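Residues per chain are reported as follows:
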Amino acid sequence: MPRFDTLARAWMVWDVPAPAPGGAVLDQTQELDRFLAEIERRAFRMAQAALRDPDDALDVVQDAMLKLARNYAARPSAEWRPLFYRILENGIRDLQRRRTVRKKFMVWLPGSNEDPDNQAQDPLDNVPDAGPDAPELMMRSQAMEQLEVSLRGLPARQRQAFMLRNFEGMDVAETAAAMGCSEGSVKTHYSRAVHTLREQLGEVW
Amino acid sequence: MKEYTQDTGQSPFEVHSRELFHESVDAVDMRMRSRLTQARHAALDAAAAAKRRPWLLRMGTWTPAAGVTAAALLGAVLWFGLPSGNHGVTAADSQPSLEDLDIVASSDEGAGDAFEMLQNDLDFYDFSDKAANSGPAA
C-alpha cells in the first residue's frame, strides 16, 4: 500500500488517470486547441449574425469554448463539433431571452425608449478599407449584411439549421445531433429557411 | 480565399450565401481574432486546471444539490413539525423525586430508620396520602 504525505496528494493520485502512452493527454489538449482554432471565427460570425452585437457574440463563443473544454474534452473529438454548436446555440438563446426580458422591463422606465438593440447599424461600418475592387467588396458586404438581417428574422430553429448546414457545412445527421432533433426536422427547418430567405433576398441578390 | 467543397444539388442561392459567409469570416479584424485566441487559451487553461484538481475539490458541482436537499429537509420539518409524543424525563421532572429521596434517605432529622419505616408501614402511608388528598379533615 503506498503511503502519501498528505490526503490531498492521495486524492490526486487516485483521481488522475494513469499516464497514457505517448502523451495522449497532451495530444488531446493539442487536438482541442486545433479544433477550437479552426472553428472559432465561424462560430463568432454565426453568433454575431444571430445577436448582431460583436461583444455579445464574443462572450457567447467564449462561454461555449469554456464549457466544451471543461465538460466534454474527454469525449471523442468527432463529437466536439455538434456539442460545441449546441452549447453555442443555448448561449445565443439565453442571451436573446435576457434581452427580451430587459426590453419588457425597460419599457416601464422613463427615458428608456432608446434601445441600443434597435439602433440602426451603418452598413459602412463593416465595409473593408478601399482597395482596387472596393465597389465589389462593398456590394458583397452589403449583401451579407442583408442576409444577416433576414437570418435574424427567422425562427430560431430555422436559423440554426440554415447556419449549421449551409455556413458550417455539417451533414444532416451532425446537424440533428447539434440541434437535438430528428433528421427529418432538420430537413424541414432547412428547407423552410432557404425558401424564406430566397423570397426575401432573391430579388436583391 | 479558401476553397470550400460544395455539396451537389445546392441552389445558386445556397452557394452564394455560403461564399458570402466565408468571406465575412475571412474579414474578421485582427482585434477580434486576438480576442478569440485569448478566449481559446482561457478555455484550455480552465480545462487543464479542472483536470488537475482533486475530485473532492470539484464538489462545487454538488453544492446546488446539497442546498436543495437541505432546503427540502428544512421545509419538511417546518411543514410537518417536530415529532410529537411523550417526551423523556427531564431534569426538571426528576428534581422533586430526588428531593423526596433525600428526605426519605436523610438520617439528620432523627429518622435514621426512615427506609425501614417506609417498608414496614406502607399501609399507613397509603392511608395518610389518601387522607391528605381528600381535603381537610372534618
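Rules used in this analysis
Residues numbered from 1 in each chain as written. Chains lettered and ligands numbered in written order. Predicted model: local features only at pLDDT ≥ 70, side-chain atom pairs only at ≥ 80, totals over all residues. Helix = DSSP H or I, 4+ residues; strand = E, 2+ residues; numbered from the N terminus. Buried ≥ 20, exposed ≤ 12 C-beta atoms within 10 Å, placed from the backbone. Contact = placed C-beta atoms within 7 Å. Nonpolar A, V, L, I, M, F, W, Y, C, P; charged D, E, K, R; others polar. Core = buried A, V, L, I, M, F, W, Y, C linked by C-beta atoms within 7 Å. Axes fitted to C-alpha atoms, helices over the stretch in contact; angles between N-to-C directions. Parallel < 35°, antiparallel > 145°, perpendicular 65-115°, else oblique. Left-handed = near helix turned anticlockwise from the far one by under 90°. Expected span 1.5 Å × (residues − 1). pLDDT = per-residue confidence, 0-100.

Asker: Explain the overall build of chain B here, please?
Answerer: What chain B contains, in helices and strands, is six helices and zero strands. Along its sequence from the N terminus, chain B presents helices and strands in the succession α-α-α-α-α-α. Residues classed as buried in chain B amount to 7% of the 138 residues present.

Asker: Whenever I open this one, the overall build of chain A confuses me. Can you help?
Answerer: A count of helical and extended segments in chain A gives eight helices and zero strands. Moving toward the C terminus, one meets the helices and strands of chain A in the order α-α-α-α-α-α-α-α.

Asker: What should I look at first to understand the interface of chain B and chain A in this one?
Answerer: In many analyses, interface size is given as the accessible surface area lost on bringing the parts together. The interface is formed by 28 residues belonging to chain B together with 35 residues belonging to chain A. Taken together, the elements giving at least two residues each to the side of chain B that touches chain A come down to helix H1 (12-26) and helix H2 (30-52) of chain B. If you tally residues by element for the side of chain B that touches chain A, the top one is H2 of chain B, at 12 residues. In terms of residue class, the side of chain B that touches chain A is built from 19 nonpolar, three polar and six charged.

Asker: It is not clear to me how unusual backbone geometry should be interpreted in this structure. Could you clarify?
Answerer: Apart from glycine, the bulk of residues carry a negative phi angle, and the bulk of peptide bonds sit in the trans form. All names here are of chain A. Unlike most non-glycine residues, Arg-52 shows phi in positive territory, near 75°. Secondary-structure assignment places Arg-52 in the loop between helix H2 (24-51) and helix H3 (54-71). The class of Arg-52 is partly exposed, set by 15 C-beta atoms lying within 10 Å.

Asker: I tried to follow the nonpolar core on my own but got confused; where do I start?
Answerer: Side chains of nonpolar character tend, in soluble globular proteins, to be buried together. Counting residues in each nonpolar core, the largest one holds 49 residues, and the members touching the most others are Ala-47, Val-60, Val-61, Ala-64, Met-65, Ala-69 and Leu-88 of chain A. A total of 10 residues in this core trace back to one element, the largest contributor, which is H2 of chain A.

Asker: I tried to follow the packing of helix H5 (residues 134-152) of chain A against helix H8 (residues 183-201) of chain A on my own but got confused; where do I start?
Answerer: Packed helices, taken two at a time, are described by the angle their axes make and the gap between the axes. Residue and element names in this part refer to chain A. Two elements in contact, H5 and H8, have axes separated by 10 Å at closest approach and are oriented at 130°. Between H5 and H8, the interaxial angle falls into the category oblique. For the pair H5 and H8, the crossing hand works out as right-handed. Counting all contacts with H5, which are made through Gln-146, Leu-147 and Ser-150, the residues of H8 involved are Leu-197, Gln-200 and Leu-201. When its residues are assigned to classes, the contact of H5 with H8 shows three nonpolar, three polar and no charged.

Asker: Explanation requested: H3 of chain A in the structure shown.
Answerer: Along an α-helix, a turn takes 3.6 residues, which lines up residues three or four apart on a common side. Taking 1.5 Å per residue as the helical rise, H3 of chain A with its 18 residues ought to reach 26 Å, and the 26 Å between its terminal C-alpha atoms agrees with that figure. Among the residues of H3 of chain A, Asp-56, Ala-57, Leu-58, Val-60, Val-61, Gln-62, Ala-64, Met-65, Leu-66, Lys-67, Leu-68 and Ala-69 of chain A are the ones counted as buried.

Asker: Would you take a moment to explain the packing of helix H6 (residues 156-167) of chain A against helix H7 (residues 172-179) of chain A for this structure?
Answerer: Residues and elements named next belong to chain A. Contact geometry of H6 with H7 gives a least axis separation of 10 Å together with a crossing angle of 140°. Regarding the angle of H6 to H7, the classification is oblique. Here the hand of the crossing between H6 and H7 comes out right-handed. When H6 is examined against H7, the residues Arg-157, Gln-160, Ala-161, Leu-164 and Arg-165 are found in contact with a partner set consisting of Thr-175, Ala-178 and Met-179. Of the residues contributing to the contact of H6 with H7, the split by class is four nonpolar, two polar and two charged.

Asker: For this particular structure, what's the right way to read the confidence of the model for chain B?
Answerer: Close inspection of predicted coordinates is inappropriate for parts of the model with low pLDDT. Residues and elements named next belong to chain B. Averaged over every residue, the pLDDT of chain B is 72; the share at 70 or more is 54%. Per-residue pLDDT, averaged within each element of chain B, yields its smallest value for helix H4 (residues 91-105) (56) and its largest for H1 (93). Overall fold confidence for the complex sits at a pTM of 0.62, while the interface term, ipTM, reaches 0.75.

Asker: I'm lost on the environment of Val-25 of chain B in this one. Help?
Answerer: Tracing the backbone shows Val-25 of chain B in helix H1. Given 17 C-beta atoms within a 10 Å radius, Val-25 of chain B is considered partly exposed.

Asker: Help me understand H2 of chain B in this model?
Answerer: For H2 of chain B, built from 23 residues, the straight-helix expectation of 33 Å at 1.5 Å per residue is met to within 8% by its first-to-last C-alpha distance of 33 Å. Taken as a whole, H2 of chain B has its buried residues at Leu-36, Ala-39, Arg-40, Ala-43 and Ala-47 of chain B.

Asker: Explain the environment of Arg-45 of chain A here, please?
Answerer: If you trace the backbone, Arg-45 of chain A turns up in helix H2. With 25 C-beta atoms counted inside 10 Å, the residue Arg-45 of chain A sits in the buried group. Taking the C-alpha atoms as reference, Arg-45 of chain A lies 9.2 Å from Leu-58 of chain A; in sequence the two are 13 residues apart. When near neighbours in sequence (up to four residues on either side) are disregarded, Arg-45 of chain A contacts Phe-21, Ser-24, Val-25 and Val-28 of chain B.

Asker: Is there a simple way to explain the confidence of the model for chain A in this structure?
Answerer: Mean pLDDT over chain A stands at 82; residues scoring 70 or higher make up 74%. Mean pLDDT values over the elements of chain A span from 44, in helix H1 (residues 7-15) of chain A, up to 96, in H6 of chain A.

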